[in-house]
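Residue strings, one per chain:
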Amino acid sequence: MSKSHWFLATSFAAALLMSGQATAHAHLSASVPTDGATVGTSPTEIDLHFSEELNLKFSGIKIIGADKAEAKTGNAKLTDSGKTLVVPVSAALPAGTYTVEWHVLSTDGHKTSGSYSFNVKP
Ligand SMILES: [Cu+2]
């Protein structure tokens with residue numbers, strides 16, 4: 001095999017491998033509070049459980065209140081073999097509806113994002 005043919009063959013193999021991994025990016029599989037939940041007291045942290053291991057540096061959330069104000073959060077960390085993103089809520093959330101906007105990078109190099117809502121009871 002010539003050098004250029006070898007290059008083509010390895011590129012093709014790499015492309016196949018990468019397309020195989022495309023189905024493995026991180027999907028949100030569970031959260032605390034759960035999607036649509038109404039909780040009696042403000043959560044002290046938001047837990048997002050994903051299907052894949054995450055890269056913490058490029059993963060995070062925003063907690064948006066009804067008035068579009070962003071709630072203050074602490075430093076995120078990973079647990080559960082890197083699959084669960086834990087974000088501390090810095091100050092108690094007043095009663096209302098909150099949207100969690102998340103974005104993550106899984107260790108296979110794919111970015112995913114989404115959002116869900118929960119309510120804090122008055
Ligand atoms: Cu992926």
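Let me sum up the structure you'll find in this document. (Residues numbered from 1 in each chain as written. Predicted model: local features only at pLDDT ≥ 70, side-chain atom pairs only at ≥ 80, totals over all residues. Heavy atoms only, no water.)

**Comments concerning the overall build of the protein**
So, point 1. Secondary structure summary: the protein contains one helix and eight strands in total.
So, point 2. Mapped from its N terminus to its C terminus, the protein presents α and β elements in the order α-β-β-β-β-β-β-β-β.
So, point 3. Relative to its full complement of 122 residues, the protein shows a buried share of 30%.
So, point 4. When contacts within the protein are restricted to residue pairs at least 6 apart in sequence, those whose partners lie at least 24 apart make up 62%.
So, point 5. Element-wise, carbon and sulfur atoms account for 58% of the exposed surface of the protein, whose accessible area totals about 7,600 Å². (Helix = DSSP H or I, 4+ residues; strand = E, 2+ residues; numbered from the N terminus. Buried < 20%, exposed > 50% of the residue type's maximum accessible area, 1.4 Å probe, protein only. Contact = heavy atoms within 4.5 Å. Areas by Shrake-Rupley, 256 points an atom, 1.4 Å probe, with all protein chains shown as cover.)

**Digging into the coordination of the copper ion**
So, point 1. Around the copper ion, the donor atoms from the protein are His25 (N), Asp108 (OD) and His110 (ND1), and they sit 2.0 to 2.7 Å away.
So, point 2. Of note, the donors binding the copper ion are all from one chain and are spaced H-x82-D-x1-H. Of this pair, His25 sits in the loop between helix H1 (3–21) and strand S1 (28–32) while Asp108 is found in the loop between strand S7 (96–105) and strand S8 (111–120), placing the two residues 83 residues apart along the sequence. (Donors = N, O, S within 2.8 Å, 3.2 Å for Na, K, Ca; no water.)

**Notes on the layout of surface pockets**
Summary: where empty space remains is shown by rolling a probe the size of a single water molecule over the atoms.
So, point 1. Taken as a whole, the largest pocket holds about 170 Å³ of empty space.
So, point 2. In terms of lining residues, the largest pocket is bounded by 15 residues, among which Ala69, Ala71, Leu93, Pro94 and Tyr98 are the most central. (1 Å grid on protein atoms, 1.4 Å probe; cavity = no way out; pocket = protein on both sides within 12 Å on 5 of 7 lines; lining within 4 Å. Points joined across faces, edges and corners; volume = space filled by probe spheres on them.)

**Structural notes on the sheet that holds S1**
As a general point, the strands of a sheet are linked pairwise by backbone hydrogen bonds and lie either parallel or antiparallel.
So, point 1. A sheet is described by the order of its strands in space; here four strands give the open sequence S1-S3-S6-S5, paired in antiparallel fashion. For this open sheet the edge positions go to S1 and strand S5 (77–79), each flanked by a neighbour on one side alone. Across the sheet, the axes of successive neighbouring strands diverge by a mean angle of 25°, strand direction being ignored.
So, point 2. Here five bridges tie strand S3 (residues 45–50) to strand S6 (residues 84–88), and the two strands are oriented antiparallel to one another. The residue bridging His49 from the neighbouring strand is Thr84, located in S6. (Pairing = 2+ DSSP bridges. Axes fitted to C-alpha atoms, helices over the stretch in contact; angles between N-to-C directions.)

**Description of the pairing of S6**
So, point 1. Of all five residues in S6, four are buried, a share of seventy percent or more.
So, point 2. Judged from the three bridges that link them, S5 and S6 form a sheet pairing that is antiparallel. Counterpart to Thr79 in the pairing with S6 is Thr84.
So, point 3. Here S5 folds back onto S6, and the loop between the two strands holds four residues, one of which, Asp80, carries a positive phi near 55°.

**A short note on unusual backbone geometry**
So, point 1. With an omega of -5°, the peptide bond running from Val32 to Pro33 counts as cis.
So, point 2. Among the secondary structure elements, Pro33 is positioned in the loop between S1 and strand S2 (38–39).
So, point 3. Of note in the backbone geometry, Lys68 takes a positive phi value of approximately 70° without being a glycine.
So, point 4. Of note, Lys68 is situated in the loop between strand S4 (60–64) and S5.
So, point 5. The phi angle at Ser81 is positive, at roughly 55°, despite the residue not being glycine.
So, point 6. Tracing the backbone through its elements, the reader meets Ser81 in the loop between S5 and S6.

**Comments concerning the sheet that holds S4**
So, point 1. Strand order across the open sheet formed by four strands is S2-S8-S7-S4, with mixed pairing between neighbours. Strands with a single pairing partner mark the edges of an open sheet, and in this sheet they are S2 and S4.
So, point 2. Relative to S8, S2 runs parallel, the two being bridged by two bridges. Looking across to S8, one finds that Thr38 is bridged to Asn119.

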